Amino acid sequence: MLTRSEFLTKVYAVEKGWSLDAYERAQTELFGPAPGGDSGGYRAARKVLGMAQADVVAEAKKANIRGRGGAGFPMGVKWSFMKPHPTKPAYLVINADEGEPGTHKDRTIMERNPHAVVEGCIIGCFGIGAHVAYIYVRDELHLSKARLEGAIAEAKAKGYLGKTPFGRDYPVEVYVHTGAGAYICGEETSLLNSLEGRRGEPRLKPPFPAQAGAFGCPTTVNNLETIAAVPTAFNLGCEEFSKLSALHKLGDGGVRLYGLNGHVKKPGVHELHVGVTLRELIYDLGGGVLGDRELLALIPGGSSTPVLKPDELVSAPDEKSPMHEWHGKSVMDIPLGVDTMRAAGTMLGTCCVTVLAVGTCPVLAMQNLMSFYHHESCGQCTPCREGSAWLDRIVDKILDGEASMEELDSLHDIANNIMGNTICAFGEGTAMPALGFLKKFRKDFEAYVRGERKRADATLLVE
Amino acid sequence: MTFALTSERERELEGLLSKYPTKMAACIPLLHLCQEQNNHIDDEVIQFVATRLDLPAAHVKGVVTFYTLFNQHPVGKHQVWVCKTLPCALRGAGNVIKQCEKKLGIHVGETTPDGKVTLRTAECLASCGTAPMIQVDKEYFENLTPERVDEILTRLTS
């Protein structure tokens with residue numbers, strides 16, 4: 001089901017759409033004149049600050065916003081984990097460390113609609129009992145940081161932030177914090193360590209951030225797109241927002257940004273009701289594969305999500321399973337959501353699809369990713385530190401025609417030894433794609449081992 | 001000679017410190033500030049940050065060595081980063097790298113003899129829908145063609 005929306009993206013096409021003026025005008029066009037005849041700016045935050053905190057969380061749950069950073073955890077449920085502490089303040093931390101290969105959506109929000117983020121932070125802070133939000137932005141996104149700072153300054157000048165936002169006795173400050181070049185800092189506990197001024201090494205969970213997060217205090221970490229969806233949800237009514245999705249009954253609600261990249265004619269980012277299919281995304285919105293080639297494979301939501309081939313089918317034979325209605329359907333034709341992608345044997349992840357056309361060498365593609373994970377491993381856990389290096393080196397050896405069949409087989413053992421044996425999910429992030437490529441493109445790997453194919457003839461380009 | 005921040009940057013540091021409940025949290029932003037002024041992070045900078053933030057020098061060094069963007073050795077006046085991760089590789093990042101190496105006359109990881117440009121590869125820079133791309137200092141250049149790459153590098157080296 002392909003349905004566009006423009007709650008977040010309406011201002012994208014407007015000149016200086018990142019300004020407070022443009023944001024307020026867009027809110028009026030989207031939701032009607034502001035109640036009380038004010039300028040309409042930040043009307044959702046204004047309304048929320050007059051509600052009871054428990055009601056805000058109950059409302060937020062109805063929106064069914066699944067975490068848009070990749071894990072898909074329900075945002076409202078995460079907010080409900082926050083309990084007031086007798087002595088420690090609470091913190092809201094926004095994960096804008098967009099670094100998952102193939103992911104390019106959060107950046108568009110920061111650059112073109114930063115006010116949605118700031119307004120979302122105010123609502124989030126109130127919902128979890130925090131007075132300070134840190135937006136952790138990767139350092140390379142300089143324009144994003146500048147636009148966020150600009151939005152914060154505008155909001156402050158209007159009295160939407162500070163000691164008494166909207167005249168309410170609930171101080172809220174939002175700060176931009178910068179990273180320094182480390183993919184692992186997108187992992188929430190690594191991010192918290194980095195925010196604190198440490199090496200970005202992930203922490204063991206439990207304790208979870210809600211118990212001991214930033215500076216040892218109760219903390220909620222939300223992805224940037226997740227928090228940016230909050231004003232829209234509260235403006236529409238959270239249940240109404242959720243119902244926009246074709247997967248509302250699965251608890252996967254609302255609208256979200258879908259990305260397209262790789263061998264597609266029209267790469268880009270689209271705001272759609274949750275429930276579009278891969279076929280609609282790639283062929284209707286994306287204009288099809290480059291050169292009208294056949295689709296070799298696709299990575300549904302960032303490199304950590306297992307690769308899919310277009311001829312795969314969903315397996316959900318149990319009649320009691322909510323996924324049963326898609327049993328036997330092509331993965332290309334099921335609504336793209338958190339739970340449906342799991343039923344397809346992969347993950348929705350960051351919801352940005354990387355398209356690989358026939359002609360691409362899957363072994364080269366996998367090696368590119370193994371090199372990435374090798375570089376980005378923080379080094380704490382032996383299976384990941386050593387394993388990611390071995391995966392990279394052995395695939396390289398395979399491409400050079402110098403590996404044995406035993407070494408090809410050993411890739412399975414190495415990947416499996418990482419899974420479940422690490423402090424954080426980076427281990428799975430490396431191992432699962434490795435296993436996916438190995439399983440689905442075994443013949444291509446064997447061709448290199450047998451000397452039937454050579455690296456010099458392989459390519460990632462199709463035009 | 002010990003490292004010291006310019007008075008303008010000292011003021012920025014004050015603003016930084018007011019954002020966080022601990023001095024340690026200012027470590028990464030302060031290192032960035034120092035690097036802007038000093039080109040790279042050497043032992044004097046590390047000592048400066050350690051002293052200002054009441055941190056062990058070993059802690060600061062641990063932070064510097066962890067993050068890709070802190071240069072432990074001198075780099076050129078400008079840094080050109082070419083993203084090489086899969087979505088960019090699928091759209092020609094390999095060719096962009098080769099073109100940059102040829103035009104600048106250096107390999108990835110090296111600096112031009114006149115000290116103007118250091119060429120590096122980067123992992124995913126969140127520009128996948130506008131690939132291939134390069135980052136020059138703080139700016140992104142996306143949807144690159146060989147002509148645009150040539151134009152950008154010519155301007156940079158002139």
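Residues numbered from 1 in each chain as written. Chains lettered and ligands numbered in written order. Predicted model: local features only at pLDDT ≥ 70, side-chain atom pairs only at ≥ 80, totals over all residues.

Engineer: Sorry, what's going on with the overall build of chain B here?
Structural biologist: The number of helices and strands found in chain B is 7 helices and 4 strands. Sorting the 158 residues of chain B into buried and exposed places 37% on the buried side. Summarising the internal contacts of chain B: among those between residues at least 6 apart in sequence, 56% fall at separations of at least 24. (Helix = DSSP H or I, 4+ residues; strand = E, 2+ residues; numbered from the N terminus. Buried ≥ 20, exposed ≤ 12 C-beta atoms within 10 Å, placed from the backbone. Contact = placed C-beta atoms within 7 Å.)

Engineer: I would appreciate a short explanation of the domain arrangement of chain B in the present structure.
Structural biologist: A common measure of how large an interface is: the accessible area buried when the components associate. In terms of domains, chain B is made up of domain 1 (7-66) and domain 2 (78-157). Inter-centroid distance (C-alpha atoms) of domain 1 of chain B to domain 2 of chain B is 29 Å. (Domains from an automatic or database assignment.)

Engineer: So what exactly am I meant to see when it comes to the sheet that holds strand E3 (residues 134-136) of chain B here?
Structural biologist: The strands making up a sheet associate through hydrogen bonds between their backbones, and the pairing can be parallel or antiparallel. All names here are of chain B. Overall, mixed pairing links the 4 strands, which are arranged E2-E1-E3-E4 in an open sheet. The strands lining the two open edges of the sheet, one partner per strand, are strand E2 (117-122) and strand E4 (139-141). Along the sheet, successive strands turn relative to each other by an average axial angle of 25 degrees, direction set aside. The pairing of strand E1 (residues 78-83) with E2 spans 6 bridges and is classified as parallel. Among the inter-strand pairings, Gln79 is bridged to a residue of E2, identified as Thr118. (Pairing = 2+ DSSP bridges. Axes fitted to C-alpha atoms, helices over the stretch in contact; angles between N-to-C directions.)

Engineer: Is there a simple way to think about the environment of Glu110 of chain B in this case?
Structural biologist: Among the secondary structure elements, Glu110 of chain B is positioned in the loop between helix H6 (93-104) and E2. When the C-alpha atoms of Glu110 of chain B and Arg120 of chain B are compared, they prove to be 7.6 Å apart, with 10 residues separating the residues in sequence.

Engineer: How should the pairing of strand E2 (residues 130-137) of chain A be read in this particular structure?
Structural biologist: Remember that side chains alternate between the two faces of the sheet whenever the strand is regular. All names here are of chain A. With 7 of 8 residues buried, E2 lies mostly within the body of the structure. By the bridge criterion, 7 bridges tie strand E1 (residues 90-96) to E2 in an arrangement that is parallel. Counterpart to Val93 in the pairing with E2 is Tyr134. The pairing of E2 with strand E3 (residues 173-178) spans 6 bridges and is classified as parallel. Residue pairing in the sheet places Tyr136 in a bridge with His177 of E3. Note on the crossover from E2 through helix H7 (residues 142-157) to E3: the handedness is right-handed. (Right-handed = clockwise from strand over helix to strand, strands pointing away.)

Engineer: I'm lost on the pairing of E1 of chain B in this one. Help?
Structural biologist: Sheet topology note: the E1 of chain B/E3 of chain B ladder contains 3 bridges and is antiparallel. Looking at E3 of chain B, one finds that Trp81 of chain B is bridged to Gln135 of chain B.

Engineer: Sorry if this is basic, but what is going on with the interface of chain A and chain B here?
Structural biologist: On the chain B side, the residues contacting the 45 residues of chain A number 33 residues. Sorting the residues of the side of chain A that touches chain B by element identifies E3, helix H8 (188-195), strand E5 (255-262), strand E6 (268-273), strand E8 (352-357) and helix H13 (362-376) of chain A as the ones contributing at least two each. It is H13 of chain A that provides the largest number of residues to the side of chain A that touches chain B, a total of 6 residues.

Engineer: In this structure, what is going on with helix H9 (residues 224-236) of chain A? I would like to understand it.
Structural biologist: Given 3.6 residues per turn, any residue in an α-helix points the same way as the ones three and four places further on. Residue and element names in this part refer to chain A. Of all the bends found along H9, the most pronounced is centred on Val230 and spans about 25 degrees, while Pro231, a proline, follows it within four residues. Among the 13 residues that make up H9, 12 are buried, leaving the element largely enclosed by the rest of the structure. Looking at H9, one finds that the buried residues are Leu224, Glu225, Thr226, Ile227, Ala228, Ala229, Val230, Pro231, Thr232, Ala233, Phe234 and Leu236. Directly after H9, the chain includes Gly237, whose backbone phi takes a positive value near 95 degrees. (Bend = angle between axes of the 7 residues up to and from the residue.)

Engineer: I tried to follow the domain arrangement of chain A on my own but got confused; where do I start?
Structural biologist: All names here are of chain A. Taken domain by domain, chain A consists of domain 1 (10-243), domain 2 (248-357) and domain 3 (362-457). Using only C-alpha atoms to locate each centre, domain 1 and domain 2 end up separated by 27 Å. On the domain 2 side, the residues contacting the 22 residues of domain 1 number 22 residues. Secondary-structure elements contributing two or more residues to the side of domain 1 that touches domain 2 are H9 and helix H10 (238-243). Here the residues of the side of domain 1 that touches domain 2 sort into 7 nonpolar, 9 polar and 6 charged. (Nonpolar A, V, L, I, M, F, W, Y, C, P; charged D, E, K, R; others polar.)

Engineer: It is not clear to me how the nonpolar core should be interpreted in this structure. Could you clarify?
Structural biologist: Within soluble globular proteins, side chains that are nonpolar tend to cluster in buried spots. Residue and element names in this part refer to chain A. Counting residues in hydrophobic clusters, the biggest one holds 195 residues, and the most contacted among them are Val93, Ile94, Val117 and Ile135. With 9 residues, helix H6 (residues 114-128) is the largest single contributor of residues to this core. Setting aside chain neighbours within four positions, we find Ile94 in contact with Cys121, Ala133, Tyr134, Ile135, Tyr136, Asn222, Leu224 and Ile227. (Core = buried A, V, L, I, M, F, W, Y, C linked by C-beta atoms within 7 Å.)

Engineer: Just to check I follow, could you spell out the sheet that holds E1 of chain A for this structure?
Structural biologist: Residues and elements named next belong to chain A. Across the sheet, 4 strands lie side by side as E3-E2-E1-E4; this open sheet has parallel pairing. Only two strands of the sheet have a single neighbouring strand rather than two, namely E3 and strand E4 (219-223). Across the sheet, the mean angle separating the axes of adjacent strands is 25 degrees when strand polarity is ignored. The strands that H9 touches are E1 and E4; relative to E4, the one it contacts most, it runs at about 90 degrees.

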